[in-house]
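Notes for the structure review
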Amino acid sequence: MECDIIIPVFNETAITKNCLASIAANSDTPCRLILIDNASSEETKIFLQNFANTHKDAILLRNEINLGWVKAVNQGIKLSESPYICIMNNDTVVKTRGWLAKMIAVAEAAGDIGLVNPRFDSRPDKTKKEPYIEIDFCRGYCVLIKRAVIEKVGGLDEAYGLGYYD
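Below is a short write-up of the structure. (Residues numbered from 1 in each chain as written. Predicted model: local features only at pLDDT ≥ 70, side-chain atom pairs only at ≥ 80, totals over all residues. Heavy atoms only, no water.)

On to the overall build of the protein. A tally of regular secondary structure across the protein gives 5 helices and 6 strands. Secondary structure elements in the protein, listed N-terminal to C-terminal, are β-α-β-α-β-α-β-α-β-β-α. Relative to its 166 residues, the protein shows a buried fraction of 42%. (Helix = DSSP H or I, 4+ residues; strand = E, 2+ residues; numbered from the N terminus. Buried < 20%, exposed > 50% of the residue type's maximum accessible area, 1.4 Å probe, protein only.)

Written as structure tokens, this is what we have:
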């Protein structure tokens, strides 16, 4: 697989279904889904188990207690083997065909690019000629990380506990 997509899940079956369907509909890059169930309710637990059982490129890890987003992502990173890791929130909806290949192309555009965010608005700036813009932060809803970055700095800092809707 060229990329592992790590998606922490805590309940919210409907939005998780939308997320997974949008990935399937808009992806053409070989990828594996690593779903981390953070002690979801029975409905979500059953959905995720059925999804993992019927999709050969999906694996599921279930936590008996909600460890929070950061620890769940780190669990996924430990399971990942691909040269790229994409961390995605389960409420993200992919709307661009070939999105993952485009993000990987940006990551490969320069050696000093380690993290890539997709655009999160629907109004592309037609005046920009570059395939990317440099920013000083990445939004966590969807971020592509080169494996080399993870190998150099490690996983996410687990000092951050539960937050937002974990």
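Structure shown, so let's carry the discussion forward.
The 6 strands lie next to each other as β3-β2-β1-β4-β6-β5, forming an open sheet whose pairing is mixed. On the outer flanks of this sheet lie β3 (58-63) and β5 (115-116), each paired with one strand and no other. Pairing geometry for strand β4 (residues 84-88) and strand β6 (residues 142-146), over 5 bridges, is antiparallel. Among the inter-strand pairings, Ile85 is bridged to a residue of β6, identified as Ile145. Helix-sheet contacts for helix α4 (residues 99-109) involve β1 (3-9), β2 (31-38), β4, β5 and β6, and the interaxial angle to β6 is about 45°. (Pairing = 2+ DSSP bridges. Contact = heavy atoms within 4.5 Å. Axes fitted to C-alpha atoms, helices over the stretch in contact; angles between N-to-C directions.)

For Ala159, the location among the structural elements is in the segment after α5 (147-153). Between the alpha carbons of Ala159 and Lys71 there is a distance of 9.5 Å; along the sequence they are 88 residues apart.

This part covers helix α3 (residues 69-79). Within the sequence span of α3, burial applies to Val70, Ala72, Val73, Asn74, Gly76 and Ile77. On its buried face, α3 is in contact with β1, β2, β4 and α5.

All right, on to helix α2 (residues 42-54) then. Across its 13 residues, α2 extends 18 Å between first and last C-alpha, which sits within 8% of the 18 Å expected from 1.5 Å per residue. Among all positions of α2, only Thr44, Phe47, Leu48, Phe51 and Ala52 are buried. Along the long axis of α2, the arc covered by the buried residues comes to 125°, so they all point the same way. Of the residues in α2, the exposed ones pointing more than 90 degrees away from the buried face are Glu43, Asn53 and Thr54. (Expected span 1.5 Å × (residues − 1). Arc of directions from axis to C-beta.)

What follows concerns the pairing of β2. Along β2, 8 of the 8 residues are buried, which leaves the element largely enclosed by surrounding structure. Residue alternation in β2 divides its side chains into two sets, Cys31, Leu33, Leu35 and Asp37 and Arg32, Ile34, Ile36 and Asn38, and both sets are buried. Strand direction decides the pairing type here: β1 and β2, joined by 7 bridges, are parallel. The residue bridging Asp4 from the neighbouring strand is Arg32, located in β2. Note on the crossover from β1 through helix α1 (residues 13-26) to β2: the handedness is right-handed. Two strands pair when backbone bridges link them, and β2 and β3 are joined in this way by 6 bridges, in the parallel orientation. Bridged to Asn38 within β3 is Asn63. (Right-handed = clockwise from strand over helix to strand, strands pointing away.)

Any link to function would need more than the numbers given here.
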